[in-house]
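Coordinate analysis (summary)
This is what each chain is made of:
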Amino acid sequence: MTVIATENLSKRFPRVTALDGLTLDIGPGVTGLVGANGAGKSTLIKILLGLSPASEGSASVLGLDVAAGSDTAATIRERVGYMPEHDCLPPDVSATEFVVHMARMSGLPATAARERTADTLRHVGLYEERYRPIGGYSTGMKQRVKLAQALVHDPQLVFLDEPTNGLDPVGRDDMLGLIRRVHADFGISVLVTSHLLGELERTCDHVVVIDGGRLLRSSSTSDFTQSTATLAVEVTDTGAHPDGTATLRKALAGAGLEITADGRLLYVQAEGDDTYDVVRDAVAGLGLGLVRMEQRRHRIAEIFRDDDTLPASNQAGTQASTPTTASTSATTPATDPAGSPHAL
Amino acid sequence: MPSDAPATGSPGSTGSTGSTGDSGTTAATDVIHDIGYRHYDGPRLGRGYARRSLFTQSLRAAYGLGRSAKSKVPPALLFGIMCLVALILVAVAIGTGMDELPLEYTDYAIYLQPVIFLFIAAQAPVSVSRDLRFRTVPLYFSRPVERLDYVSAKYAAMASALFVLTATPLLILYVGALLAKLDFTDQTKGFAQGLVSAALLSLLFAGIGLAIAALTPRRGFGVAAVIAAFTVPFGAVSALQGIAWEQDNLGAIGWFALFSPIGLIDNVQSTFLGATPATASPEPVDPSTAAGTAALLVALALAAGCFLFLLRRYRKAGL
């Protein structure tokens, strides 16, 4: 089943080409839409919501043509949810009042709107605070309200535009977990945009990379990130071991592990769960501080390096930021409990 | 996050509890049951319903209903003044045994125009600026609500709020007049004329107020600009009418009135609704029929123009 399909979709503004012959076929599940700022992500969502006509080509959402007229567009918008990138919440009403109002704007009768609001706010993790004015919420709570208003009418598909924007690492993980649940537990397909590539490899079933309005690559996340189970380890120096990294490397090599170094980072080939213990014991034995130990897989970012030749004709200005985002994504926390950064 | 549930496309998995988030589900003997996600399969009532809901919500909001206690004060105060004056007039009429009300129904809005100005200036920005300022507008347009629905609901709500403000005191006057056993036919006719005038005023003022308020997302600017849009033309027109009177150019007085919102209403009701003109001259000067007709056309065109302007305004604010 196809949830979103576009065929040679183009959008030209007087000075900028936002989308350039984009052909996509997206199935159910969580799909990440990756691209630098200005790559055309938001433009694509606008077209899919039927709010902005395409210059060329066609697009369909849930099997309905977005350009088929206002009735079809209304049907599409009844069945999809949208969480914008920017702030969109009035500060002087409570989350409950606001989400109830938005549910009614989606056509839900008053009673159903209230019930669905209570359910949805609980699912996104807002409890007592939902009766307080939104103005006093933290960024993380506001993002949850934004997500709740996109889900309150039980859509079949949600568009989440940069849902992790402005969140701290913990809030970001919570939001990514929530997005995963939207599909896994709620059965709602998700199109989530981000310019942080690393985020999506943990959350999405499928990743679409666009740049300069063109499709760079579209494939499932497992294709992108064959799990080779590499551990990244970083340690501090101590008085006894002025070069902690080198010392540890020697110690681990002595324990029979395969190691490559990248500056202060050591990449250890993990043979199994034992490897974590070996590394931990080695670090503790040497009395070094363990800055980080995290699972490392091939990054989606690397496809930019693979495909250097392909998008050479990109629109100006967008490609410069991709190496930066790639390195930003390296702060992905480890999935192993022992991997959380702690100093000894 | 461990990928605990492999992409099950099955929407009905209500029994599954998420491994994250919901506190209380992990404690085995706890009595809190997570009933999981429930799908909604009730009716979806579509655009018409959404438009009516938005209308009701905006109309209530214009009187501070469903909003904070603080935002109830200004509309309640202004509404109270409008009604209080009518009650006093009725009391005077009954108490002193007058054989007619101290003023005509059509005069009421003219005498109390500052109150109406303040109401539209305070409430038009509330109605439209908040959605623009907090960028809530895209949330509407990503739903079945369309621009036309949004603008017509907002416009109708503001016009209705003004009509409630201007027609309620007329109703008080009318009921009072009947209690005082004034002539039924006269009073009913006057009341009906007053209502027509109030309806036209509500339509025109709501349009002007909303159009100006929609220009700026800042509420403070909106309030000031709306007040200026009503009072500055009124002052200017009054001055011109005074000069015209001095120069004995009585025909011009009615035409000058076309340049102020309240002047338009005055011209229309003086020409068609049997009102006494409230021109800025020592004695009332009836506008010519041509000036009255022109005023009606200008008022309707202005209201329509404001509506179209709002439609245009929200094309940009869409996403």
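Structural data are supplied above this passage.
Quantities reported herein were computed from a predicted structural model and do not represent experimental measurements.

1. Some words on empty space enclosed by the protein
Which parts of space are left empty comes out when a probe the size of a water molecule is rolled across the atoms. All names here are of chain B. Applying the stated criterion to the full structure yields three cavities of 30 Å³ or more. Its volume calculated, the largest cavity comes out at about 70 Å³. Lining the largest cavity, in full, are Y105, T106, Y108, A109, T166, L170, G194, S197, A198, I265 and Q269. Secondary-structure elements contributing two or more residues to the lining of the largest cavity are α3 (107–111), α6 (147–179), α7 (184–215) and α10 (261–272). It is α7 that provides the largest number of residues to the lining of the largest cavity, a total of three residues.

2. Some remarks on the environment of W245 of chain B
Residue and element names in this part refer to chain B. Residue position: W245 is located in helix α8 (residues 219–246). As a C-alpha pair, W245 and E283 span 38 residues in sequence and 9.3 Å in three-dimensional space. Beyond its immediate stretch of four places on either side in the chain, W245 contacts L250, I253, S281, P282, E283 and V285.

3. As for the sheet that holds strand β4 (residues 56–61) of chain A
All names here are of chain A. Pairing in this open sheet of four strands is antiparallel, and the strands run β2-β1-β4-β5 from one edge to the other. Pairing within the sheet leaves two strands with one partner each, and these edge strands are β2 (17–26) and β5 (64–65). Taken together, the five bridges between strand β1 (residues 4–12) and β4 define a ladder with antiparallel strand orientation. Residue E7 lies in a different strand from β4, and its bridge partner there is S58. Sitting on the sheet, helix α1 (residues 41–48) is in contact with β1, β2 and β4, with an inclination near 115 degrees to β1.

4. Digging into the packing of aromatic side chains
All names here are of chain B. This structure, assessed with the given rule, holds 12 aromatic pairs over all chains. Measuring from centroid to centroid gives 5.6 Å for F141 and Y150, while their planes differ by 75 degrees, and the two rings are edge-to-face. Here the two residues F141 and Y150 agree in accessibility, since each one is buried. Aromatic rings pair up to connect Y140, F141, Y150 and Y314 into one cluster.

5. Brief notes about the sheet that holds strand β7 (residues 157–161) of chain A
All names here are of chain A. With mixed pairing, six strands are arranged side by side in an open sheet as β6-β7-β8-β3-β9-β10. Looking at strand neighbours, the two that pair on one side only are β6 (80–83) and β10 (214–220), the edges of this open sheet. Strand-to-strand, the axes of this sheet are offset by a mean angle of 15 degrees, without reference to chain direction. The sheet contact formed by strand β3 (residues 30–34) and strand β9 (residues 206–211) spans four bridges and is parallel. Looking at β9, one finds that G32 is bridged to V207. Here helix α5 (residues 139–151) sits on the sheet and contacts β6 and β7; the angle it forms with β6, its principal contact strand, is near 160 degrees. Sheet strands touched by helix α6 (residues 169–184): β3, β7 and β8 (189–194). Its angle to β8, the strand with the most contacts, is close to 155 degrees.

6. Structural notes on the pairing of strand β13 (residues 265–269) of chain A
All names here are of chain A. The buried count for β13 comes to four of five residues, which makes it a mostly enclosed element. Pairing of strand β11 (residues 230–235) with β13 involves four bridges; the strand directions are antiparallel. Paired with L231 across the strands is V268, a residue of β13. Bridging between strand β12 (residues 259–262) and β13 involves four bridges; their strand directions are antiparallel. Considered in β13, the bridge of A261 is made with L266. A loop of two residues connects β12 with β13, the two strands running antiparallel in sequence, and G263 in this loop sits at a positive phi of about 65 degrees.

Reading the values: rules and limits
Residues numbered from 1 in each chain as written. Chains lettered and ligands numbered in written order. Predicted model: local features only at pLDDT ≥ 70, side-chain atom pairs only at ≥ 80, totals over all residues. Heavy atoms only, no water. 1 Å grid on protein atoms, 1.4 Å probe; cavity = no way out; pocket = protein on both sides within 12 Å on 5 of 7 lines; lining within 4 Å. Points joined across faces, edges and corners; volume = space filled by probe spheres on them. Helix = DSSP H or I, 4+ residues; strand = E, 2+ residues; numbered from the N terminus. Contact = heavy atoms within 4.5 Å. Pairing = 2+ DSSP bridges. Axes fitted to C-alpha atoms, helices over the stretch in contact; angles between N-to-C directions. Phe/Tyr/Trp six-rings, centres within 6.5 Å; stacked < 30°, edge-to-face > 60°. Buried < 20%, exposed > 50% of the residue type's maximum accessible area, 1.4 Å probe, protein only.

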